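What follows is the residue order along each chain.
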Amino acid sequence: MRNNSDAKIREQVNALGLPCIETLNREIARQERLRAYRRLALGLLAGLVVAAAVIVLITNLWVAVLRIDGSSMTPLLKMDEIVLAVRTGSPEKNEIIALNHNNKLHIKRVVALAGDRVDIGEDGVVSVNGNALSEPYVSEPSFGSCDIELPFQVPPGAVFVLSDNRADSIDSRDSRFGVVEREQVIGKVIFRMWPLPRLGSIA
C-alpha cells in the first residue's frame with residue numbers, strides 16, 4: 001500500500017510540474033557547491049590583491065627591478081640584463097649604483113665620496129686621495145671623455161662615479177654628467193635576475 005501511495009504522490013507531483021525531493025536535494029547541493037566556489041574564488045582574489053599591494057610597496061620603498069640599457073658597465077653588466085637594486089641613501093666606494101640623470105637610468109661604479117680628491121692619469125689610472133686604485137673590473141683603462149680640472153675634489157653630498165667601460169662611456173669625468181647627488185641615487189645594484197645562466201650576486 002505504501003508503494004502505491006508513493007507512486008500516486010509522484011504522479012501528482014509530476015502532473016503539477018513540481019520537482020521531486022531528489023531533484024530538490026541535488027539542486028540544494030549544487031547551490032551549496034557554487035557558494036563554496038565563490039567563497040574560495042573571493043578568498044584567492046583577496047589574497048592576490050594583498051600580495052600585489054605588498055609587491056608594489058616593497059618595490060617602491062625597498063627594491064627596484066631595472067633593465068640594463070647600454071654598454072657602460074661591460075663586461076660586468078651587459079645590454080638587456082635584468083638587475084635588482086636595493087634602495088640606499090648613502091652609497092659606498094666601489095658599489096655599483098643605479099641613478100637617475102636627466103630622466104634616464106644609468107648604472108655606474110662609485111669611486112670616491114664627498115671630500116675625496118680624484119686624479120686620473122693620461123694612462124687612465126685613477127687615484128683617490130693620492131692612492132692609485134686597483135681596478136681589475138676595468139678591461140681597458142682610459143682617460144676617456146674627461147674635461148674636469150684634476151685633481152678634482154668631490155663636493156659635499158655627492159659621489160664621484162665612473163663606468164667600467166672607461167673608453168666608451170660618459171661619467172663624472174665629463175662636466176656634462178658631473179658628480180651624483182644623493183637624491184639622484186635609485187639604489188645599490190646587488191643581484192642579476194636575467195639571463196638565467198648569469199643569475200647571481202653583483203660585486
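Everything below is about the structure shown above.
**Section: the sheet that holds strand β7 (residues 131–132)**
Phase 1: One open sheet holds the four strands; their spatial order is β7-β6-β5-β8, and the pairing between them is antiparallel. Unpaired on one side and paired on the other, β7 and β8 (152–153) mark the two borders of the sheet.
Phase 2: Bridge analysis of strand β5 (residues 117–120) against strand β6 (residues 126–128) gives three bridges, and the strand direction is antiparallel. The residue bridging isoleucine 120 from the neighbouring strand is valine 126, located in β6.

**Concerning the side chain of arginine 173**
Phase 1: Along the chain, arginine 173 falls in the loop between β9 (158–162) and β10 (180–181).
Phase 2: Classification of arginine 173 by relative accessible area gives buried; the value is 1%.
Phase 3: Polar side-chain contacts of arginine 173 include one of 2.7 Å to the side chain of aspartate 171.
Phase 4: With residues near it in sequence (within four places) discarded, arginine 173 still touches Ile120, Ser142, Phe143, Gly144, Ser145, Cys146, Asp147, Ile148, Phe160, Leu162 and Arg166.

**As for the pairing of strand β11 (residues 185–194)**
Phase 1: With five bridges connecting them, strand β2 (residues 82–86) and β11 associate as antiparallel partners. From the neighbouring strand, alanine 85 faces β11, where its bridge partner is valine 189.
Phase 2: The turn joining β11 and strand β12 (residues 200–201), which pair antiparallel and follow one another in sequence, is formed by five residues.

**Considerations on the packing of aromatic side chains**
Phase 1: One pass over the structure, following the stated rule, counts one aromatic pair.
Phase 2: Considering the side-chain rings of phenylalanine 152 and phenylalanine 160, the 5.7 Å spacing of their centres and the 45° angle between planes classify their relative orientation as tilted.
Phase 3: Taking relative accessible area as the criterion, phenylalanine 152 reaches 21% and is therefore assigned partly exposed.
Phase 4: By relative accessible area, phenylalanine 160 is classed as buried at 0%.
Phase 5: The ring of phenylalanine 177 carries the charged tip of lysine 108 above its face, separated from the ring centre by 5.5 Å.
Phase 6: The ring centre of tyrosine 137 lies 3.5 Å from the NZ or CZ of arginine 109, which sits over that ring.

Rules of the game
- Residues numbered from 1 in each chain as written.
- Predicted model: local features only at pLDDT ≥ 70, side-chain atom pairs only at ≥ 80, totals over all residues.
- Heavy atoms only, no water.
- Pairing = 2+ DSSP bridges.
- Helix = DSSP H or I, 4+ residues; strand = E, 2+ residues; numbered from the N terminus.
- Buried < 20%, exposed > 50% of the residue type's maximum accessible area, 1.4 Å probe, protein only.
- Polar contact = N/O pair within 3.5 Å; in protein donor to acceptor, adjacent residues only side chain to side chain.
- Contact = heavy atoms within 4.5 Å.
- Phe/Tyr/Trp six-rings, centres within 6.5 Å; stacked < 30°, edge-to-face > 60°.
- Lys NZ or Arg CZ within 6 Å of the ring centre and 35° of its normal.

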